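Fold and contact review
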Amino acid sequence: MITPVIMGLQSHLYVFLPLRQELLKWNGWGYNDSKFIFNKKGQAEFTGKRYRLGGMVLPTFKEWMEKTFGASLDHKTTSRATLNVNDVPPSIVKEEFLQDLRAAKISYSQDAEDRVFRAHGHCLHEIFILREGMFKRVPDIVVWPVCHEDVVKIVELACKHNLCIIPFGGGTSVSSALECPEEEKRTIVSLDTSQMNRILWIDEKNLTACVEAGIVGQDLENQLAESGFCTGHEPDSMEFSSLGGWVATRASGMKKTIYGNIEDMVIHIKMVTPRGIVEKNCQVPRMSTGPDIHHFIMGSEGTLGVVTEVTIKIRPVPEYQKYGSVVFPNFERGVACLREVAKQRCAPASIRLVDNAQFQFGKYVDLLRQISLSKGFNLLLFKGFDPNILCVATLLFEGDREKVLQHEKQVYDIATKFGGLAAGEDNGQRGYMLTFVIAYLRDLGLDYYVIGESFETSVPWDRVLDLCRNVKERIVRECKEKGVQFAPLSTCRVTQTYDAGACVYFYFAFNYRGISDPIHVYEQIERAAREEILANGGSLSHHHGVGKLRKRWMKESISDVGLGMLRSVKEYVDPNNIFGNKNLL
């Protein structure tokens, strides 16, 4: 049975649309009302009521900042509170194009704030620029289609007037994918898909749903839940990232073990290109009709066209959900356990292993509460666990209650064989929920001369330990060689597991006091870390994508011939480079 479901914006009239920047920060991560601050007592706290952490005081976080980075509340930088519109490059758009937009009843804006908001993602250098300067190039105009047909009109007009289109979904890119090429002389159009946010239909028999690509993850899950379904796709950015963005970057989520990565979840994609509309003639589970055209679209990062509608697999909302955690004597034992769980194909919905540096961070922000141990901590000491070496895995089980409990026992039995001790449900839940607020910490760090970033890779199991060790050591060495005066934070976690390997997620940060050009130094260190990843058998990216940030390594990653194949597709689909964001190629 197919049930038509129209949720979200329903009017196709030419109307004034709500501004994202009324809800989200213009030069930082997340919601305006949610951030880490130091109060008058010098204690860290998290503002707002959107998260469980909201209103909570973190009494030892200041100590962690001082101990880890040499940071001090006496050394504070000041970000610009508001955007100076006079700093924004002027909008240059021909009147003929504006007339055509009005005739097509497509909403648009040339307002400076609207354009700057869509000129960037969330790479460190992009946020740093917003705090202290301005981009040399921003979109000239923002357009808001509200349906597939609107996108067709916009692309046709761009071809007619020879304009450049950069699709904009949730704006959470960490690959410089949304930055405007400085050398682009044509009018740059930011095509914001946020008003294409409807679930068009739900097929309860085939367990599929057709959804417009602009919907953000949390809205998709909330609206599906009203009908008793979910996708299970939970990237760290799910509050802000869009379905179309997931497709365009080949995204992955924290619960991919059960629900799969985006390529496992997609049944059908509709995409508008300068050459026409790309879609299959049926929505079946699998086809043997040559190379899968979906795989030209997934990971194309806005270089070929605009994804407008996606048919995606759905599942009934799980009956039962249970968190858990395990503490291991060291990182090596933890990785060995995750390897065995993957080998036996019994991984829970989410299993993530953090190294000791991240455990220490969790302890200091008082979320893991030193794994809430009271008597448990004494047990660890009795078992010979060293708090300066141990690591923690967080777990999430979902499904039928009886099966979840059986599954839980199987995983804990395996953990015991590798010296693991159960550390409780609360710690598992805190560790999982910390994922959604950790990005807010970068903004606090920037206020006190601390800059940092995350990056990820996938790697075969037999290279996980070497890669983790070598990359972290390379970061420390590069910081010292580049004149960083304070020891950096260099840490990692294993976040997704596969039969043949795992995803490893790195964080690094350092105090940049005394450095005249911190972003240049940071970029040199990040580049060296990526070189080390590749030298140790890791991939260029697991789920963040390539964008402009990592495209220098594309030939090395997929071969000269492979890169030529991508260029050939681009040249056929978009011969005049209408989608000229310069990602990937």
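These numbers come from a predicted model, not from an experiment.

With that settled, consider the overall build of the protein chain. Helix and strand content of the protein chain: 21 helices and 22 strands. Against the 2.2 N^0.38 benchmark of 25 Å for 585 residues, the protein chain shows a C-alpha radius of gyration of 24 Å, consistent with a compact globule. Here the C-alpha coordinates of the protein chain stretch approximately 75 × 60 × 50 Å along the principal axes. For the protein chain, the proportion of its 585 residues judged to be buried stands at 60%. Counting only carbon and sulfur atoms, one obtains 51% of the accessible surface of the protein chain, whose full area is about 24500 Å². Here the protein chain holds 70 positive side-chain charges and 71 negative ones, and the gap between their average locations is 3 Å.

A few words now on the UniProt feature "active site" (unreviewed entry) in the protein chain. As recorded in UniProt, the sites labelled "active site" (unreviewed entry) are Tyr505. Residue position: Tyr505 is located in strand β22 (residues 501–511). On the accessibility criterion, Tyr505 (8% relative accessible area) is buried. In this structure, Tyr505 is in contact with Asp236, Gln358, Ser454, Phe455, Glu456, Thr491, Cys492, Arg493, Thr495, His543 and His544, ignoring residues within four places of it in sequence.

Here we take up the pairing of β22. Within β22, eleven of the eleven residues are buried, leaving the element largely enclosed by the surrounding structure. In this structure, strand β20 (residues 450–460) lies alongside β22, joined through eleven bridges in antiparallel fashion. The partner of Ile451 across the bridge, within β22, is Phe510. As defined by bridge partners, strand β21 (residues 489–497) adjoins β22 across eight bridges and the pair is classed as antiparallel. Opposite Gln496, over in β22, you have Cys503 as the bridge partner. Here β21 folds back onto β22 in antiparallel fashion, the turn holding three residues.

Approximately 730 Å³ is the volume attributed to the largest pocket. Along the wall of the largest pocket there are 32 residues; nearest its centre are Arg250, Met298, Gly299, Met554 and Leu584. Secondary-structure elements contributing two or more residues to the lining of the largest pocket are α10 (294–297), α20 (554–558) and α21 (560–573). Broken down by element, the lining of the largest pocket gets its largest block of residues, five residues, from α21. Classifying every residue of the lining of the largest pocket gives 14 nonpolar, 14 polar and four charged. Looking at the second largest pocket, its volume works out to about 610 Å³. Only α6 (217–225), β16 (320–328), β18 (391–399) and α16 (425–434) provide two or more residues apiece to the lining of the second largest pocket. Among the residues forming the lining of the second largest pocket, the class breakdown is twelve nonpolar, four polar and ten charged.

What follows is about the nonpolar core. One recurring pattern in soluble globular proteins is that nonpolar side chains are buried together. Residues Phe61, Phe328, Leu353, Tyr440, Val494 and Phe510 are the most contacted members of the largest nonpolar core, which totals 98 residues. Those residues in contact with Tyr440 that lie beyond four places of it in its chain are Lys25, Trp29, Gly30, Tyr31, Ser34, Lys35, Phe36, Phe46, Tyr51 and Phe240. Judged by nonpolar contacts, the second largest core, of 26 residues, contains Ala251, Ile269, Ile297 and Ile312.

Before going further, it helps to examine the packing of aromatic side chains. One pass over the structure, following the stated rule, counts 23 aromatic pairs. For the pair Phe36 and Phe61, a centre-to-centre distance of 6.4 Å together with 20° between the ring planes defines the contact as stacked. With a gap of 25 residues between them, Phe36 in strand β2 (residues 36–38) and Phe61 in helix α1 (residues 61–69) connect regions that are remote in the sequence. Both residues of the pair, Phe36 and Phe61, belong to the buried class. Above the face of the Tyr448 ring, Lys76 is positioned so that its terminal group lies 5.6 Å from the ring centre.

Picture a little ball the size of a water molecule; that probe, rolled over the atoms, points out where space is still empty. Using the criterion set out here, one finds three cavities of 30 Å³ or more in the structure. What lines the second largest cavity is a set of 13 residues, among which Leu24, Phe117, His122, Gly170 and Gly171 lie closest to the centre. When grouped by side-chain class, the residues that make up the lining of the second largest cavity number five nonpolar, seven polar and one charged.

Strands in a sheet are paired, the pairing made by backbone hydrogen bonds, and the direction either parallel or antiparallel. The mixed open sheet is built from four strands, whose spatial order is β5-β6-β8-β7. Looking along the sheet, the strands with just one partner apiece sit at the ends: β5 (107–109) and β7 (164–168). Neighbour to neighbour, the strand axes of the sheet diverge by 25° on average, direction disregarded. For strand β6 (residues 141–144) and strand β8 (residues 188–192), the ladder comprises three bridges, and the chain directions are parallel. Each bridged residue has a counterpart across the sheet, and for Val142 the counterpart in β8 is Ser190. Helix α2 (residues 95–103) rests against β5, β6 and β8 of the sheet, and its axis sits at about 15° to β6. Across the sheet, helix α5 (residues 148–161) touches β6, β7 and β8, and the angle it forms with β7 is around 150°.

About the cut-offs
Residues numbered from 1 in each chain as written. Predicted model: local features only at pLDDT ≥ 70, side-chain atom pairs only at ≥ 80, totals over all residues. Heavy atoms only, no water. Helix = DSSP H or I, 4+ residues; strand = E, 2+ residues; numbered from the N terminus. Rg over C-alpha atoms; globule rule 2.2 N^0.38 Å. Buried < 20%, exposed > 50% of the residue type's maximum accessible area, 1.4 Å probe, protein only. Areas by Shrake-Rupley, 256 points an atom, 1.4 Å probe, with all protein chains shown as cover. Lys, Arg positive; Asp, Glu negative; His and termini not counted. Charge placed at Lys NZ, Arg CZ, Asp CG, Glu CD. UniProt positions renumbered as here; feature names shortened; annotations may be inferred. Contact = heavy atoms within 4.5 Å. Pairing = 2+ DSSP bridges. 1 Å grid on protein atoms, 1.4 Å probe; cavity = no way out; pocket = protein on both sides within 12 Å on 5 of 7 lines; lining within 4 Å. Points joined across faces, edges and corners; volume = space filled by probe spheres on them. Nonpolar A, V, L, I, M, F, W, Y, C, P; charged D, E, K, R; others polar. Core = buried A, V, L, I, M, F, W, Y, C linked by side-chain atoms within 4.5 Å. Phe/Tyr/Trp six-rings, centres within 6.5 Å; stacked < 30°, edge-to-face > 60°. Lys NZ or Arg CZ within 6 Å of the ring centre and 35° of its normal. Axes fitted to C-alpha atoms, helices over the stretch in contact; angles between N-to-C directions.

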